[in-house]
Amino acid sequence: QVQLVESGGGLVQAGGSLRLSCAYSRSIFRINAMAWHRQAPGKQREFVASIARADSITRAESEYYADAVKGRFTISRDYANNTGYLQMNSLKPEDTAVYYCGADRFSNGRYPNYWGRGTQVTVSS
C-alpha cells in the first residue's frame, strides 16, 4: 500500500498563499498520477488538481486543474524525493477545506487508489 502524508496546511488570509506537500512512500506499483482533492464541510470531496504521465517515451507530463482553482494553483512532483506539491496562490475563503493527497495508479488523478489523511486549509476574509 502507498502511504501519503500531507503537510503545509494552516490559516491564511484571503489573497495569501500556501504550499502543500505530500510525502509518499515507494511502492511496487507504478503511480500514473498524483492528485489533490479537497472536501469542505457539508460538501463531498472534489477534484482540485493532478499531474500525470502523458507520454512514457518523452516523459512529458500533463497537469489538470479544476476550474475553480485554474490560474491560482500549481501542482508539481519531485520524483527523486517522493514528494508532491500544491502551490496555492490568491486564496479565497471558498478554498477552505481539508486537502487530500492521492496516488492514482491507472487514471489521471480523478480516481486515486490511495489517500493521505488530509491537511486543513482555512482562508479567512
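Residues numbered from 1 in each chain as written. Predicted model: local features only at pLDDT ≥ 70, side-chain atom pairs only at ≥ 80, totals over all residues. Heavy atoms only, no water.

1. Quick word on the nonpolar core
Our working definition: Buried Ala, Val, Leu, Ile, Met, Phe, Trp, Tyr and Cys residues that are joined via side-chain atoms within 4.5 Å together make up what is termed a nonpolar core. Each residue's exposure class comes from its accessible area (1.4 Å probe, protein chains only) as a fraction of the maximum for that residue type: buried when under 20%, exposed when over 50%, partly exposed otherwise. In DSSP terms, a helix is any run of H or I states spanning at least four residues, a strand is any run of E spanning at least two, and both are numbered starting from the N terminus. Throughout, a residue-residue contact means that at least one pair of heavy atoms, one from each residue, lies within 4.5 Å.
L4, M34, W36, L86, M88 and Y99 are the most contacted members of the largest nonpolar core, which has 30 residues in total. Of all the secondary structure elements, the ones that give two or more residues to this core are β3 (18–24), β4 (33–39), β5 (46–53), β7 (73–78), β8 (83–88), β9 (97–104) and β11 (119–124). Beyond its immediate stretch of four places on either side in the chain, Y99 contacts E6, L20, W36, H37, R38, V48, F73, L86, M88, G118, T119 and V121.

2. Thoughts on the sheet that holds strand β1 (residues 4–7)
The condition is simple: One requirement defines pairing of two strands: DSSP has to find at least two bridges between them. Each axis is a line fitted through C-alpha atoms, and for a helix only the stretch in contact is used; angles between axes span 0 to 180 degrees, taken between their N-to-C directions.
Reading across from one edge, β1-β3-β8-β7 is the order of the four strands in this open sheet, with antiparallel pairing throughout. Edge positions in the open sheet fall to β1 and β7, since each of these has one partner strand only. Taken over all neighbouring pairs, the strand axes of this sheet differ in orientation by 15 degrees on average, direction set aside.

3. Let's talk about the packing of aromatic side chains
Test applied: Pairs were defined over the aromatic rings of Phe, Tyr and Trp, the Trp ring being its six-membered one, requiring ring centres within 6.5 Å. Orientation was assigned from the angle between planes: stacked under 30 degrees, edge-to-face over 60, tilted for the rest. Both a distance and an angle decide whether a charge sits over a ring: NZ of Lys or CZ of Arg must be within 6 Å of the ring centre and within 35 degrees of the ring normal.
Considering all chains together, one arrives at one aromatic pair under this definition. Directly above the aromatic system of Y85 lies the positively charged group of R19, at a separation of 3.9 Å from the ring centroid. Across the ring face of Y100, the terminal group of R45 is positioned such that the distance to the ring centre comes to 3.7 Å.

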